[in-house]
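# Topology and contacts: notes
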Amino acid sequence: MTAPSTVRVTRERVPLSPLLRLLILTQLAFNIGFFAVLPFLAEHLGGAVGMAGWMVGFVLGLRTFSQQGLFVVGGALADRYGVRPVVLAGCALRIAGFGWLGYAGSAPAVVGAVLLIGFAAALFSPAVESEVARQAVAWEESGGGSRTRVLALFTVAGQAGAFVGPLLGALLLSVDFRAVCLAGAGVFVLVLAGHAWLLPQHIPGRARVQVRGGIGLLLRNRRFLGLCCAYGAYLLAYNQLYLALPAEVERAAGSQAPLAWLFALSSLLVVTAQLPVTRWVGERLTLKRSMAAGLALIATGFGVLAVAAPSGATGVTGLLPAAGFVVLLTLGQMLVAPAARAWVPDLAQEGRLGLYMGALSSVSGVIVLIGSAGTGTLLDSGLPAAVPWIVLAVVPAGAVLLLPRRG
């Protein structure tokens, strides 16, 4: 009698497509150019330009609104005309916007440059994000694994760019803010040239649709709108890295020099921990529970600053609560961002994923515009030090109630 043979069944790993790799590298390049400039914008507006605190908050919110708020336009255009022309147009506008900002010396000029910078991203980001989501679903259906892993990799690439960008900006800031802006523009010149060469004219499986006809169904999709509002609360909290956190670092350290290191800490956490966290969470939590846990962590981060604020500590001790806030905010981001993007394809109308991905950011852009102006006023109000952080903690905590009932 012969012994039975042992057959080992292995599942062949499905590699990422060349298009997915290009889009993930695109996110890396986008964020290097963007984050070389953005972390230092608030200080430039308040110092060199001489804006009041509420105006700085409004301009930062306007930048987010012109970007996130108009994503729905870029997404609809990507559905209609394809990814390539929308991405290339957005890169060209971002180059012009950074160049303008470098030479803008008055409030109207700054506002114009900021609007152009934001609208540029409103073109290329939803086009890239919707195609990544669509390709992630296709990869999942081909047996490659959960779509959240692709979207987590996309997040890691973005945070790697967010890690390198502020370091580049801090280095160039020793020259002046104009040098920072021109360096950011230079990065997008390289991105534009690379995508003009590598991005396909037509992506297989992506059917073009008419711009009209999708908004009505979207506005009646209550589950999707609930997801948008919860994501908007997260984005408002994340925006405090550029508004409330710089003010806290200035108070504790006497300058904003440690800010680049806190941004680096956030990005390093995402780069090293995002994929393991996504894998662990994907085996244990639904998309809804992942987002709820992330929002709770973010609220806790604001709570840390609220508890520490009355002490008025300075120096290294004063910076520890800010570092704790950055860590908790980043952990919350790791749970919220991939889950929200992975959820959208299940809620979107067929053929209009760009529109829905854009709307996810547009609704949140409106929330950030209103909330950032309110935050700037709150920080300048002279209220007890803990009050602004308590108010900010309530936002993500309350957003848990807005998540769709079914996962």
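Residues numbered from 1 in each chain as written. Predicted model: local features only at pLDDT ≥ 70, side-chain atom pairs only at ≥ 80, totals over all residues. Heavy atoms only, no water.

## Focus on the overall build of the protein
- Within the protein, the secondary structure is distributed over 16 helices and zero strands.
- For 407 residues, the compact-globule estimate of 2.2 N^0.38 gives 22 Å, and the protein sits close to it at 21 Å.
- C-alpha extents for the protein along the principal axes are approximately 85 × 45 × 45 Å.
- Every one of the 407 residues in the protein was classed for burial, and the buried ones make up 55%.
- Residue pairs at least 24 apart in sequence account for 86% of intrachain contacts in the protein once pairs closer than 6 positions are excluded. (Helix = DSSP H or I, 4+ residues; strand = E, 2+ residues; numbered from the N terminus. Rg over C-alpha atoms; globule rule 2.2 N^0.38 Å. Buried < 20%, exposed > 50% of the residue type's maximum accessible area, 1.4 Å probe, protein only. Contact = heavy atoms within 4.5 Å.)

## So, the pattern of salt bridges
- Applying the stated rule across the entire model yields five salt bridges.
- The partner of R147 in a salt bridge is D346, and the shortest N-O contact between them spans 3.2 Å. Of this pair, R147 sits in helix α7 (residues 147-173) while D346 is found in helix α14 (residues 315-347), placing the two residues 199 residues apart along the sequence.
- The partner of E248 in a salt bridge is R251, and the shortest N-O contact between them spans 2.9 Å. On the criterion of helical spacing, the pair formed by E248 and R251 is a turn pair, its members being three residues apart in helix α11 (residues 244-253). (Salt bridge = Lys/Arg side-chain N within 4 Å of Asp/Glu carboxyl O.)

## Section: the confidence of the model for the protein
- Averaged over every residue, the pLDDT of the protein is 83; residues scoring 70 or more account for 93%.
- When mean pLDDT is compared element by element in the protein, helix α13 (residues 287-308) scores highest at 93, while helix α3 (residues 53-69) scores lowest at 76.
- Note on residues 1-12: pLDDT is under 50 here. Beyond four places in sequence and across chains, it has three contacts. (pLDDT = per-residue confidence, 0-100.)

## Overview of helix α10 (residues 222-238)
- In this model α10 runs 24 Å from its N-terminal to its C-terminal C-alpha over 17 residues, within 8% of the 24 Å that 1.5 Å per residue would give.
- The buried fraction of α10 amounts to 13 of the 17 residues, a majority that puts the element mostly inside the structure. (Expected span 1.5 Å × (residues − 1).)

## Comments concerning the nonpolar core
- Of all hydrophobic cores here, the largest spans 120 residues; its most connected members are L101, V110, F224, Y234, L241 and L245.
- With 16 residues, helix α6 (residues 107-141) is the largest single contributor of residues to this core.
- Discounting chain neighbours no more than four positions away, the residues touching L101 are V37, L41, V110, A113, I117, F177 and C181. (Core = buried A, V, L, I, M, F, W, Y, C linked by side-chain atoms within 4.5 Å.)

## A closer look at the packing of aromatic side chains
- As enumerated under the stated definition, the model contains 11 aromatic pairs in all.
- Pairing F98 with F188 gives two aromatic rings, centres 6.1 Å apart and planes at 65°, and the pair type is edge-to-face. Of this pair, F98 sits in helix α5 (residues 83-103) while F188 sits in helix α8 (residues 177-198); the two residues are 90 residues apart in sequence, bridging distant segments of the chain.
- By relative accessible area, which is 0% here, F188 ends up buried.
- These aromatic residues form a ring-pair network of at least three members: F30, F98, F124 and F188.
- The positively charged end of R80 is found above the aromatic ring belonging to Y81, 5.2 Å away from the centroid. (Phe/Tyr/Trp six-rings, centres within 6.5 Å; stacked < 30°, edge-to-face > 60°. Lys NZ or Arg CZ within 6 Å of the ring centre and 35° of its normal.)

## Focus: the environment of V326
- Tracing the backbone shows V326 in helix α14.
- Overall, V326 belongs to the buried group, its relative accessible area being 1%.
- Linking V326 and L241, residues 85 residues apart in sequence, is a C-alpha distance of 8.0 Å.
- Discounting residues that sit within four places of it in the chain, V326 has contacts with L241, L245, L262, L265 and S266.

## Observations regarding the environment of V394
- Inspection of the secondary structure puts V394 in helix α16 (residues 386-399).
- Of the residues examined, V394 reaches a relative accessible area of 53% and is grouped as exposed.
- Through-space distance from the C-alpha of V394 to that of L319 is 23 Å; in sequence the pair is 75 residues apart.

## Details of the packing of α6 against α7
- Two elements in contact, α6 and α7, have axes separated by 8 Å at closest approach and are oriented at 145°. Along this stretch, α6 crosses α7, giving a crossing that reads as right-handed. When α6 is examined against α7, the residues V128, E129, V132, A133, A136, V137, W139 and E140 are found in contact with a partner set consisting of R147, V150, L151 and F154.
- Partitioned by chemical class, the residues of the contact of α6 with α7 number nine nonpolar, no polar and three charged. (Axes fitted to C-alpha atoms, helices over the stretch in contact; angles between N-to-C directions. Left-handed = near helix turned anticlockwise from the far one by under 90°. Nonpolar A, V, L, I, M, F, W, Y, C, P; charged D, E, K, R; others polar.)

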